[in-house]
Amino acid sequence: GAGVSQSPSNKVTEKGKDVELRCDPISGHTALYWYRQRLGQGLEFLIYFQGNSAPDKSGLPSDRFSAERTGGSVSTLTIQRTQQEDSAVYLCASSLEIQGGPNYRAFFGQGTRLTVV
Amino acid sequence: GEDVEQSLFLSVREGDSSVINCTYTDSSSTYLYWYKQEPGAGLQLLTYIFSNMDMKQDQRLTVLLNKKDKHLSLRIADTQTGDSAIYFCAWWEAPGSARQLTFGSGTQLTVLP
């Protein structure tokens, strides 16, 4: 597609339920990132996928969080047994991993606003 | 690890210049970036600077990079109400074998009429 697409744009869930957030990156972008942005705060790195390499999961806050990227394209971020502190905007970004090249930058989706009640 | 410092808030009058600052403690990034986030929207890349440059001008935007002091700034000339947003500096970090885009905490710019 023309840009990074995320769905749903808004999600309200009950505490304890599982949620899945979807990211469809720009076609051909090999790198994909998930970030979390709590209200009034900066971006918190969650996980990074690069091609077929093992993902960098160092930012995942707990084992309730997991992410997959199938076929090197679409990614799903899953949060199990959601808690109220999981409420945030979850942003996905993709990039062309060409070091030193002019396209070496990230393009962001609009985000999924997750509210846990 | 690395820390980034950005002033949280900045208010300017319409037509004045705005200067948003970012200080970082460690970077091997080839590029450094400024992103803009408008209310309820995702992040939009505003401009970037190559790490061997001191200055880059892009229409109303001027980016200054002082590598010695690890200081990055964004100047917006003739600031308009449409410039009201949160501005994030960002760069690529390579902790271990991974690379990740690291962001400052953001500066909320309010443009007063």
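In what follows, the structure referred to is the one given above.
This text gives an overview of the structure that appears in the document.

Cut-offs and rules
Residues numbered from 1 in each chain as written. Chains lettered and ligands numbered in written order. Predicted model: local features only at pLDDT ≥ 70, side-chain atom pairs only at ≥ 80, totals over all residues. Heavy atoms only, no water. Helix = DSSP H or I, 4+ residues; strand = E, 2+ residues; numbered from the N terminus. Contact = heavy atoms within 4.5 Å. Areas by Shrake-Rupley, 256 points an atom, 1.4 Å probe, with all protein chains shown as cover. Buried area = accessible area lost by both parts, 1.4 Å probe. Salt bridge = Lys/Arg side-chain N within 4 Å of Asp/Glu carboxyl O. Polar contact = N/O pair within 3.5 Å; in protein donor to acceptor, adjacent residues only side chain to side chain. Nonpolar A, V, L, I, M, F, W, Y, C, P; charged D, E, K, R; others polar.

Quick notes on the overall build of chain B
Line of reasoning, step 1. Within chain B, the secondary structure is distributed over 0 helices and 11 strands.
Line of reasoning, step 2. A sequence separation of at least 24 residues applies to 54% of the contacts in chain B between residues at least 6 apart.
Line of reasoning, step 3. When the accessible area of chain B is evaluated, it comes to approximately 5500 Å², of which 47% is carbon and sulfur surface.

Points about the interface of chain B and chain A
Line of reasoning, step 1. Contacts between the two partners involve 19 residues from chain B, matched on the other side by 23 residues from chain A.
Line of reasoning, step 2. Of the roughly 1700 Å² buried between chain B and chain A on both sides combined, carbon and sulfur atoms contribute 57%.
Line of reasoning, step 3. Where chain B touches chain A, the interface holds 0 salt bridges.
Line of reasoning, step 4. Counting every contact that joins chain B to chain A gives 2 residue pairs in polar contact (both at pLDDT 80 or more).
Line of reasoning, step 5. Within the residue set of the side of chain B that touches chain A, elements represented by two or more residues are strand E4 (31-37), strand E5 (43-50), strand E9 (85-93) and strand E10 (100-103) of chain B.
Line of reasoning, step 6. The leading source of residues in the side of chain B that touches chain A is E4 of chain B, at 4 residues.
Line of reasoning, step 7. Split by residue class, the side of chain B that touches chain A holds 12 nonpolar, 6 polar and 1 charged.

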